Amino acid sequence: MLRPLHYALLAVFCTVSYFLARTSQENRPTPQLLPIEVLNNYKLADWRTGFESKLTVESSLPYKEYTGPIEKSGNDQRQYRLIRLPNNLTALCVQDLDAKEAAASLSVNVGSNANPAEFPGLAHFLEHMLFLGTEKYPKEGEYQAYLSRNSGSYNAYTYFYETDYFFSVFNDALEGALDRLSQFFISPLFNADCVDRELKAVDSEHKGNLQSDLHRFYHLMSSVSNPKHPYSWFSTGNTETLKGTAEELGLDLREELIKFYHNYYSADIMHLVVVGNHSLDVLSEWVTSKFSDIESKGNTRPVVDFHPIGKAELGKVIHYKTVREKYELKLQFALPELKSVNSAKPFAYINALLGHKEPGSIYSVLRENGWATDISGYSSSTFYDGFSTYDISVTATPEGLENYEAVVSVIFGYIKMLVESGPQEWYFKELSLVSKARFAFKDKEDAMSYALGLSGEGRNQYVPPQHILSQNYLSRGYDADIISKCLSYLNPSNYRLFIGAQEHKAVECKLEEKYYG
């Protein structure tokens, strides 16, 4: 079905030999924003129209409810109500009559991107400290104990772009769990007695990641970015970067933590999802009564107006050692922020072509030469504010690493063919049909996974309310200009190459990364 596209690769493979070392530093362009004419059809979503003022049934508390349709899978028997509280926190109430357990997830649209330069890991440390007591529930561990008594579980994650707090629990215990969670964001105690002990927990978490190839590579990729950009900073934190820095600067770490909390934790950038077998009226009552007291401080998301991967970072080959025996090549490209065009699904199209396994594909050529066993593409276009990246990952063989220039040439030869051929509408439509089928017949997730996944979707301000369930599946139309523009960023002047293996024959890895070694 795709062979008319793929056959062209064999013709350009022998004549195209792109490699980043041959591109002069002066000629490498700094990634630019998408042209205004391309973005004219992609504007911020309207989250005001369609919301009507309501009162909760039991306590007559005010909130606003979205009264328009919400697009959902034909197999989905759950009922949904999207509401906005007076403090601008948005919440999705999900009634699932078949739910064996209830769950909730609250996403704060700020993470390690807000860390002060002098305190790497402060956002992660805050995540830990919020679990240790509130004014309403001052006993340390009360939240955890309540969930444990009611067969629940909990966790939290700090990412670069958001922090998520989530739990599962018996349906009958959902109200109490929501009340305890909400107090994290209303009246946390930040007990001074807990600071040193929780610092040890953060430090221990970091030490546990030292032998993780995933954590090691993610930090390596970040650390060789622009040192002035938060993307490049150590995100987990440890005793040295937190307590050690505070002592060196003569600052109180607890006070710095409280300052961070007050500066960034605002109801306006919080998105809550609650799933349970209770009625939508009951869920709305609980959400409104328990989360409306979170302070509204406006949009507190940090904004950085330059890309973490600029001229100084592009055009480099970075060899690194892995913990496990593996051979991998990763090409990372610098792109502008692309949240606004995600509805056109340009990278669903690009990913499908780069990762295809048919004869004439990149994979087939690499496999036939004994250079690789897999290839895939990944876009961060829905995550970051102010920039995006695109990664092409190759699971290589030892021979593939030795011939990495040829592997890179195959990849760029294929991309050149895609650019010259132009986007193919028929292929995009086929992908769209497959995505529609996947959405229509998608499996039902467990309550906590579902809540966690949906709570993070609120970070894309270009997604309208009616598409909050379907945005990751369905395209809103074919846009050849957007696909072409995204493909244009995948060029030899706009990337860097990472080569990973336990041992490298051609080079000696002499440098040690500061935090992971």
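Points about the environment of Lys 326
Then comes step 1: In this fold, Lys 326 is placed in the loop between strand E9 (317–321) and strand E10 (327–335).
Then comes step 2: Residue Lys 326 is classed as partly exposed on the basis of its relative accessible area, which comes to 28%.
Then comes step 3: Counting along the chain gives 86 residues from Lys 326 to Glu 240, while the straight-line C-alpha distance between them is 31 Å.
Then comes step 4: When near neighbours in sequence (up to four residues on either side) are disregarded, Lys 326 contacts Asp 213, Gly 500, Ala 501 and Gln 502.

Observations concerning the confidence of the model for the protein chain
Then comes step 1: The predicted model of the protein chain has a mean per-residue pLDDT of 91, with 92% of residues at 70 or higher.
Then comes step 2: Considering only residues more than four positions removed or in separate chains, one finds that residues 1–40, a stretch of pLDDT under 50, has 90 contacts.

Details of the pairing of E10
Then comes step 1: In terms of burial, E10 is a largely internal element, eight of the nine residues being buried.
Then comes step 2: By the bridge criterion, eight bridges tie E10 to strand E12 (residues 388–396) in an arrangement that is antiparallel. By the bridge assignment, Lys 330 is partnered in E12 with Ser 393.

Remarks on helix H16 (residues 447–455)
Each turn of an α-helix holds 3.6 residues, which means side chains three or four residues apart point in the same direction.
Then comes step 1: Taken residue by residue, H16 has Ala 447, Met 448, Tyr 450, Ala 451, Leu 454 and Ser 455 as its buried positions. Taken around the axis of H16, the buried residues stretch over an arc of 160°, which confines them to a single face.
Then comes step 2: Buried positions along H16 lie against strand E3 (79–84), strand E4 (90–95), strand E5 (102–108), strand E6 (153–158), strand E7 (163–169) and strand E8 (270–276).
Then comes step 3: Residue Asp 446 occupies the N-cap position of H16, its side-chain oxygen lying 3.2 Å from the main-chain nitrogen of Met 448.

Regarding the packing of aromatic side chains
Then comes step 1: Taken as a whole and judged by the stated rule, the model has 40 aromatic pairs.
Then comes step 2: Between the aromatic rings of Phe 333 and Tyr 495, the centroid separation amounts to 5.6 Å while the plane-to-plane angle is 25°, which identifies the pairing as stacked. Remark: Tyr 495 occurs in strand E13 (residues 495–501) and Phe 333 occurs in strand E10; sequence separation between them is 162 residues.
Then comes step 3: A relative accessible area of 0% places Tyr 495 in the buried class.
Then comes step 4: Following the ring pairs from residue to residue traces out a cluster consisting of Phe 131, Tyr 143, Tyr 154, Tyr 165, Phe 167, Phe 184, Phe 185, Phe 190, Tyr 261 and Tyr 265.

What about the nonpolar core?
Then comes step 1: Counting 59 residues, the largest nonpolar core has Leu 89, Phe 125, Tyr 165, Phe 167, Phe 185, Tyr 265 and Phe 291 as the members making the most contacts within it.
Then comes step 2: The contact partners of Phe 125, leaving out residues within four places of it in the chain, are Val 195, Glu 198, Leu 199, Val 202, Leu 242, Leu 253 and Leu 257.
Then comes step 3: Judged by nonpolar contacts, the second largest core, of 47 residues, contains Phe 347, Leu 354, Tyr 489 and Leu 490.

Here we look at the layout of surface pockets
Then comes step 1: Here the largest pocket is characterised by a volume of approximately 1,200 Å³.
Then comes step 2: In terms of lining residues, the largest pocket is bounded by 46 residues, among which Thr 158, Tyr 159, Leu 214, His 215 and Tyr 218 are the most central.
Then comes step 3: Residue assignment for the lining of the largest pocket shows that the elements contributing at least two residues are helix H3 (122–129), E6, helix H6 (192–209), helix H7 (213–223), E10, strand E11 (372–379) and E12.
Then comes step 4: The element contributing the most residues to the lining of the largest pocket is H7, with eight residues.
Then comes step 5: The residue inventory of the lining of the largest pocket, partitioned by class, reads 20 nonpolar, 18 polar and eight charged.
Then comes step 6: In this structure, the second largest pocket spans a volume of roughly 760 Å³.
Then comes step 7: Where the lining of the second largest pocket is concerned, the elements lending two or more residues are helix H11 (346–354), E11 and helix H15 (425–440).
Then comes step 8: For the lining of the second largest pocket, the element with the most residues is H15, which contributes eight residues.
Then comes step 9: When the residues that make up the lining of the second largest pocket are grouped by side-chain class, the tally is 16 nonpolar, 13 polar and five charged.

Details of the packing of helix H5 (residues 174–183) against helix H10 (residues 280–291)
A pair of packed helices can be characterised by two numbers: the angle between their axes and the separation between those axes.
Then comes step 1: Two elements in contact, H5 and H10, have axes whose closest approach is 9 Å; the angle formed by their N-to-C orientations is 25°. Viewed along their axes, H5 and H10 adopt a mutual orientation that is roughly parallel. The two elements H5 and H10 cross, and the hand of that crossing is right-handed. Between H5, through Leu 174, Glu 175, Leu 178, Asp 179, Leu 181 and Ser 182, and H10, the contact on the second element is made entirely by Leu 283, Trp 286, Lys 290 and Phe 291.
Then comes step 2: The class makeup of the residues in the contact of H5 with H10 is six nonpolar, one polar and three charged.

Some thoughts on the environment of Asn 491
Then comes step 1: Tracing the backbone shows Asn 491 in the loop between helix H17 (480–488) and E13.
Then comes step 2: The exposure class of Asn 491 is partly exposed, given its relative accessible area of 21%.
Then comes step 3: Not counting residues up to four positions away in its chain, the partners in contact with Asn 491 are Phe 333 and Phe 412.
Then comes step 4: A polar atom in the side chain of Asn 491 sits 2.8 Å from the backbone nitrogen of Ser 493.

The rules behind these values
Every chain begins its residue count from 1, and numbering advances along the sequence as written. A pLDDT threshold of at least 70 governs which residues receive local features in this predicted model, and a stricter bar of 80 or more applies before side-chain atom pairs are shown or counted, although totals over entire chains, interfaces and linings include all residues. Based on all heavy atoms of the structure, the side-chain values leave hydrogens and waters out of the count. Secondary structure elements are taken from DSSP: a helix is a run of H or I of four residues or more, a strand is a run of E of two residues or more, and numbering for both begins at the N terminus. Relative accessible area decides the class of each residue, using a 1.4 Å probe on protein chains only: under 20% of the type maximum gives buried, over 50% gives exposed, and in between gives partly exposed. Any pair of residues with heavy atoms lying within 4.5 Å of one another is described as a contacting pair. Residue-level confidence of the predictor, termed pLDDT, takes values from 0 up to 100. Two strands qualify as a pair provided that DSSP identifies no fewer than 2 bridges between them. Directions drawn from the helix axis to the C-beta atoms are what define this arc. We call two N or O atoms a polar contact when they sit within 3.5 Å, provided that within protein one can donate a hydrogen and the other can accept it, with sequence-adjacent residues counted only if both atoms are side-chain atoms. Aromatic contacts are taken between Phe, Tyr and Trp rings whose centres are within 6.5 Å, Trp giving its six-membered ring; a plane angle under 30 degrees counts as stacked, one over 60 as edge-to-face, and the others as tilted. Buried Ala, Val, Leu, Ile, Met, Phe, Trp, Tyr and Cys residues form a nonpolar core when they are joined through side-chain atoms within 4.5 Å. Any residue with an atom within 4 Å of a point lines the site, the site being either a cavity, points on a 1 Å grid over the protein atoms alone where a 1.4 Å probe fits but cannot get out, or a pocket, an open set with protein on both sides within 12 Å along at least 5 of 7 lines. Grid points are joined across faces, edges and corners, and a volume is the space filled by probe spheres set on the points. Each residue is assigned to one class: nonpolar for Ala, Val, Leu, Ile, Met, Phe, Trp, Tyr, Cys and Pro, charged for Asp, Glu, Lys and Arg, and polar for all the others, Gly among them. Helix axes use the C-alpha atoms of the stretch in contact, all axes being lines fitted to C-alpha atoms, and the angles between their N-to-C directions lie in the range 0 to 180 degrees. Here is the rule for angles: anything less than 35 degrees is roughly parallel, anything more than 145 is roughly antiparallel, 65 through 115 is roughly perpendicular, and the remaining ranges are oblique. Left-handed is the label given to a crossing in which the near helix is rotated counterclockwise from the far helix by less than a right angle, and right-handed is the label when the rotation is clockwise.

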